[in-house]
Amino acid sequence: MDQDQQKQAVAQAALDYLAPRLERDSIIGVGTGSTANYFIDLLAEIHTEFDGAVASSEATAERLKAHGIPVYDLNSVGPIEFYVDGADETNPHLELIKGGGAALTREKIVAAVAKTFICIADASKQVETLGAFPLPVEVIPMARSHVGREIVRLGGDPVYRDGVTTDNGNIIIDIYNMDLSRPIVAEEQLNQIVGVVTNGLFARRPADLLLLGTDSGVEHIERPPA
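Definitions and cut-offs
Residues numbered from 1 in each chain as written. Predicted model: local features only at pLDDT ≥ 70, side-chain atom pairs only at ≥ 80, totals over all residues. Heavy atoms only, no water. Buried < 20%, exposed > 50% of the residue type's maximum accessible area, 1.4 Å probe, protein only. Helix = DSSP H or I, 4+ residues; strand = E, 2+ residues; numbered from the N terminus. Pairing = 2+ DSSP bridges. Right-handed = clockwise from strand over helix to strand, strands pointing away. Patch = residues over 30% accessible without salt bridge, like charges linked within 9 Å, V, L, I, M, F, W, Y side chains within 5 Å. Areas by Shrake-Rupley, 256 points an atom, 1.4 Å probe, with all protein chains shown as cover. Salt bridge = Lys/Arg side-chain N within 4 Å of Asp/Glu carboxyl O. Expected span 1.5 Å × (residues − 1). Contact = heavy atoms within 4.5 Å. Arc of directions from axis to C-beta. Phe/Tyr/Trp six-rings, centres within 6.5 Å; stacked < 30°, edge-to-face > 60°. Lys NZ or Arg CZ within 6 Å of the ring centre and 35° of its normal.

**Q** Can you lay out the pairing of strand S2 (residues 52-55) for me, pointing to particular residues and giving the numbers?
**A** Residue alternation in S2 divides its side chains into two sets, Gly52 and Val54 and Ala53 and Ala55, and both sets are buried. Pairing geometry for strand S1 (residues 27-30) and S2, over four bridges, is parallel. If you follow Gly29 over to S2, its bridge partner there is Val54. For the crossover that starts at S1, traverses helix H2 (residues 34-43) and ends in the parallel S2, the hand is right-handed.

This is how it looks when you write it as structure tokens:
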């Protein structure tokens, strides 16, 4: 299977996993990106079998609504059983880098609320050590220079993502060449910088289940015990 076929396959696997577990009042958290879009398009097939969704971005909300799936504000719903989203990288502990689409903050919020975080990804996203993909950081605009200097102090090379504004009205700085061998430590260090909203390391809250598309099919990989 090529990359797009793998994305389609993991989206279908996520739907197959969720369908028998959904109740009529279920709210599903839905992520952002090309793989998540495949899942949204499939989710439309069973939209009468659950209540609605919480979206991690405005683009996702629009796509869900276009399929007739009700979209709720997170503050107006109770617990979310499942959150389905892609990743830019995943390691063997199902710690992730996310944020290539600049939706990392809302994605992180929905993941924090959800009981089960299902990551859907093609084989190219699986790595031994995170960091080949530049790590996105959402930053308050006035803190751009300060945050950049602090990232350099931590050993990273910050690059402003020109022309990108998040749904929250902030900017993105992408970090290259930073040591992410201890993802939880790096996540905490970056989040302590004044002016940082959050960063794209999903280590303190990793995925619970990875559906990984490969040439031979979809692998179901559960997060190993801590």
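**Q** How would you summarise a nonpolar patch on the surface if you had to cite specific residues and measurements?
**A** Residues Ile140, Met142 and Val197 make up a contiguous nonpolar surface patch of about 310 Å² in total accessible area. Turning to its location among the elements, Ile140 is positioned in the loop between strand S7 (135-139) and helix H5 (144-153). For Ile140, a relative accessible area of 35% gives the class partly exposed.

**Q** Outline helix H1 (residues 3-18), supporting the account with residue identities and numerical values.
**A** Under the 1.5 Å per step criterion, the end-to-end length of H1 is 23 Å for 16 residues, consistent within 8% with the ideal 22 Å. Buried within H1 we find Gln6, Lys7, Ala9, Val10, Ala11, Ala13, Ala14, Leu15 and Leu18. Check the buried side of H1 and you find it contacts S1, H2, strand S3 (80-85), strand S6 (114-122), strand S12 (209-214) and strand S13 (217-222).

**Q** I'd like a rundown of the sheet that holds strand S4 (residues 89-90), residues and numbers included.
**A** One open sheet accounts for three strands, arranged S4-S5-S11; its pairing is antiparallel. Edge positions in the open sheet fall to S4 and strand S11 (201-202), since each of these has one partner strand only. One ladder, built from two bridges, connects strand S5 (residues 96-97) with S11; its direction is antiparallel. The residue bridging Ile97 from the neighbouring strand is Leu201, located in S11.

**Q** Lay out the pattern of salt bridges in plain terms, naming residues and giving numbers.
**A** Enumeration over the complete set of coordinates arrives at 12 salt bridges. Put simply, Arg106 and Glu58 hold a salt bridge, and the shortest N to O gap is 3.0 Å. Note that Arg106 is positioned in helix H4 (residues 104-113) and Glu58 in helix H3 (residues 58-66), a separation of 48 residues in sequence. In this structure, Lys98 engages Glu107 in a salt bridge whose closest nitrogen and oxygen atoms are separated by 3.4 Å. Neither Lys98 nor Glu107 differs from the other in exposure class; each is buried. Shared partners join several salt bridges into a network, and the residues in it are Asp85, Lys98 and Glu107.

**Q** If you had to explain H2 to someone new, which residues and values would you point to?
**A** By the burial criterion, the buried members of H2 are Thr35, Ala36, Phe39, Ile40, Leu42 and Leu43. Seen end-on, H2 carries its buried residues on one side only, within an arc spanning 165°. Packing partners of the buried residues in H2 comprise H1, S1, H3, S3 and S6.

**Q** Could you give an account of the packing of aromatic side chains, with specific residues and numbers?
**A** For the coordinates displayed, the defined rule picks out three aromatic pairs. Grouping aromatic residues by their ring pairs yields a cluster made of Tyr83, Phe117 and Phe202. Here Lys98 stacks its cationic end above the ring of Phe202, 5.6 Å away from the centre of that ring. Taking NZ or CZ as reference, Lys108 lies 5.4 Å from the ring centre of Phe202, over its face.

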